[in-house]
Every structure is written in structure tokens, then in C-alpha cells.
Amino acid sequence: MFSCDTLILYDTEWTTWPGFWESNWSLPGKWCEIAQIGAVKLSANDGYSEMDSFQVLVIPKRNPLLSDYFIDLTGITQERVDREGIPFPRALEGFLSFAGNGPAEYSCYGGDADKIRRNCDIHGIPFPSAIRHSVDIRRNLIDRGLTKPEWFSSDLTLKLGLQKEGVSHDALCDARTVASALRYFRQQGLV
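Okay, so let's go over this structure.

**With respect to helix H3 (residues 88-99)**
Over its 12 residues, H3 runs 16 Å from end to end, which matches the ideal 16 Å to within 8%, given 1.5 Å per residue. Within the span of H3, buried status applies to Phe88, Ala91, Leu92, Phe95, Phe98 and Ala99. Summarising the axial view, the buried residues of H3 lie within an arc of 120°, below the 170-degree limit, and thus occupy one face. Turned more than 90 degrees away from the buried face of H3 sit Arg90, Glu93 and Ser97, all of them exposed.

So this is what it looks like as C-alpha cells:
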């Protein structure tokens, strides 16, 4: 499934409002701004064991006030983002630094690479080629008949009957949930 021994599996949480998903992320004055990046570094040679983790909160630029809907969904509060958050360019730089310079394959479950591209556009910074070439695990698992299109990353452990990895809609927990699914599929000889 992957071409490198090291896998950088990442997830993002971004600003949202009631009806935003249904509008295909196009409500007037609303932007998909990343508020959290989470990632795990996995060893493909060791059954996708976790070698390291990363998490950062991000201060949205265009919609800096989080909606109650977003707060209820993610558990990320305005106070926490104001206190711990950093601007997106610094957060992206930290994420890339975490991934390191060695050979690694970036992967996400769904459209996270596109959300990073959109946030790079908002901030006028280049879209990193490593993320541009991310593997969409979601698409791969659906194509293999292992998951269903309506499953979110946060649903995987529940749908597969596995132990839950933290809370849903937390970027690091969701990355770990996808990692758990990959380990499960590998143990079953399916990936």
C-alpha cells in the first residue's frame, strides 16, 4: 500500500458551522481554516507501530472566532486556541519538521491535503510537495472494500470493533484511529 518504510499519517480539524459540510464548504464569509493538525509517524516494517506523534493548535486567520458548532464537535475551545494556538505557517513548518527529511510517505484519510493546500493559499505560502503527493488512505481502503464511503476517520475503530483511540474530531486521536485500522487490516493480511 505504501512505498516507504516510514509513514506520516496526519489529520486536520478545520473551522465549520451548521450546514457548512452540506454546502460543500461554500457558505458566504466562511473558510475551511485549519484549527488543529495531528500526526503519527509509523513504521511500515514494524506493523505500523507508532514511533512519534505531533499535535498543534492553529489560530484561524479569516474566521478567528470559533463557532459553537465547531467547539461542540471537536471540544477545542476558543480559549485554548487563543492560549496555545500559533499561525498556520508556523504550524505547518512544525509539522514538516516533525516529519523530518528522511524518506517518508505522507498519508491522510480523505481531503486533509486539500485543506492544507487551501490554507497555504489563504496565507500566501507554497504548498509543500510532500503533502501534495499524500496518499489518500480513505480512497484506497474504500477501493479495496475494507471501509465504506460514509465512514469518517473518527468512526473507524467503532465500525471495525476496535478499541477507541481518544476522542472523535481531535486531529491526533483521529490519526491514531486510522493507524489502528491500518494495524488491524495488516494483522488480517488485507494490506
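**Brief notes about the packing of aromatic side chains**
In the structure shown here, the tally under the stated rule is 9 aromatic pairs. Between Trp14 and Trp25 the ring centres are 5.7 Å apart and the planes differ by 80°, which places this aromatic pair in the edge-to-face class. A residue pair is termed long-range when its members are at least 10 positions apart, and Trp14 in strand S1 (residues 6-14) and Trp25 in the loop between S1 and strand S2 (34-43) qualify at 11 residues. Residues Trp14 and Trp25 agree in their burial class; the two are buried. Members of the aromatic cluster, each reached through a chain of ring pairs, are Tyr10, Phe54, Phe95, Phe98 and Tyr106. Positioned over the ring face of Trp31 is Arg62, at 4.1 Å from the centre of the ring. Directly above the aromatic system of Trp14 lies the positively charged group of Lys115, at a separation of 4.8 Å from the ring centroid.

Definitions and cut-offs
Residues numbered from 1 in each chain as written. Predicted model: local features only at pLDDT ≥ 70, side-chain atom pairs only at ≥ 80, totals over all residues. Heavy atoms only, no water. Helix = DSSP H or I, 4+ residues; strand = E, 2+ residues; numbered from the N terminus. Expected span 1.5 Å × (residues − 1). Buried < 20%, exposed > 50% of the residue type's maximum accessible area, 1.4 Å probe, protein only. Arc of directions from axis to C-beta. Phe/Tyr/Trp six-rings, centres within 6.5 Å; stacked < 30°, edge-to-face > 60°. Lys NZ or Arg CZ within 6 Å of the ring centre and 35° of its normal.

Geometric values such as these leave the question of function open.
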